[in-house]
Amino acid sequence: ADAPYTLIAGCFAVIENAEKQIAQLKQKNIEASIIGKTKNGLYRVGCGGFQTSNAANAAMLNLKAQQTDVWVLKK
């Protein structure tokens, strides 16, 4: 089942920059991957899918506490 909420760590025009951010997140033990593109063609770096906004917001606050800037995207 596709999770309706995803944490987004960044959007990048250049795929190498997206991959660089993924590597930095992995150093913090945060699983991340490129999860497609925005309608403007930017590569989206996502770290986790969630079934509810509460779960997504809790994970977002947890990552922000680790100095990782993320936001919640609702599909």
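Once a new chain begins, its residue numbering starts again from 1 and follows that chain's sequence as written. For this predicted model, a pLDDT threshold of at least 70 governs which residues receive local features, and a threshold of 80 or more governs which side-chain atom pairs are given and counted, while totals over whole chains, interfaces and linings are taken from all residues. Note that the side-chain values use all heavy atoms of the structure and ignore hydrogens as well as water.

**Let's talk about the pairing of strand 2 (residues 33–37)**
The side chains of a regular strand alternate, residue by residue, between the two faces of the sheet. Note the cut-off: The pairing criterion for strands is at least two bridges between them, as found by DSSP. Think of it this way: any DSSP run of H or I at least four residues long counts as a helix, any run of E at least two long counts as a strand, and we number them from the N terminus.
Two strands pair when backbone bridges link them, and strand 2 and strand 3 (residues 43–50) are joined in this way by 3 bridges, in the antiparallel orientation. Within the sheet, the bridge partner assigned to Ile-34 lies in strand 3 and is Val-45. Linking strand 2 back to strand 3 in an antiparallel pair, the connection comprises 5 residues, with Gly-41 at a positive phi of about 85°.

**Focus: the pattern of salt bridges**
Convention followed: Each salt bridge in this description consists of a side-chain nitrogen of Lys or Arg and a carboxyl oxygen of Asp or Glu lying within 4 Å of one another. Only protein chains enter the accessibility calculation, which uses a 1.4 Å probe; a residue whose area is less than 20% of its type maximum is buried, one above 50% is exposed, and one in between is partly exposed.
Under the counting rule described, the total for this entry stands at 1 salt bridge. The salt bridge involving Asp-69 is made with Lys-64; its shortest N-O contact spans 3.2 Å. Among the residues examined, Asp-69 registers a relative accessible area of 55% and is labelled exposed.

**Some details on helix 2 (residues 53–65)**
Going by this rule: Here, expected helix span is obtained from the residue count minus one, scaled by 1.5 Å. Think of it as the arc spanned by the lines of direction from the helix axis to the C-beta atoms.
Here helix 2 contains 13 residues, and its C-alpha end-to-end distance of 18 Å stays within 8% of the 18 Å for a straight helix at 1.5 Å per residue. Every buried residue of helix 2 is accounted for by Ala-56, Ala-59, Met-60 and Leu-63. The arc that holds the buried residues of helix 2, viewed along the axis, is 105°, so those residues lie on one side. Exposed residues on helix 2 whose side chains face more than 90 degrees from its buried face are Asn-54, Leu-61 and Ala-65. Where helix 2 terminates, the next one or two residues include Gln-67, which has phi positive at roughly 60°.

Everything listed here is a matter of coordinates, which is why it stays silent on function.
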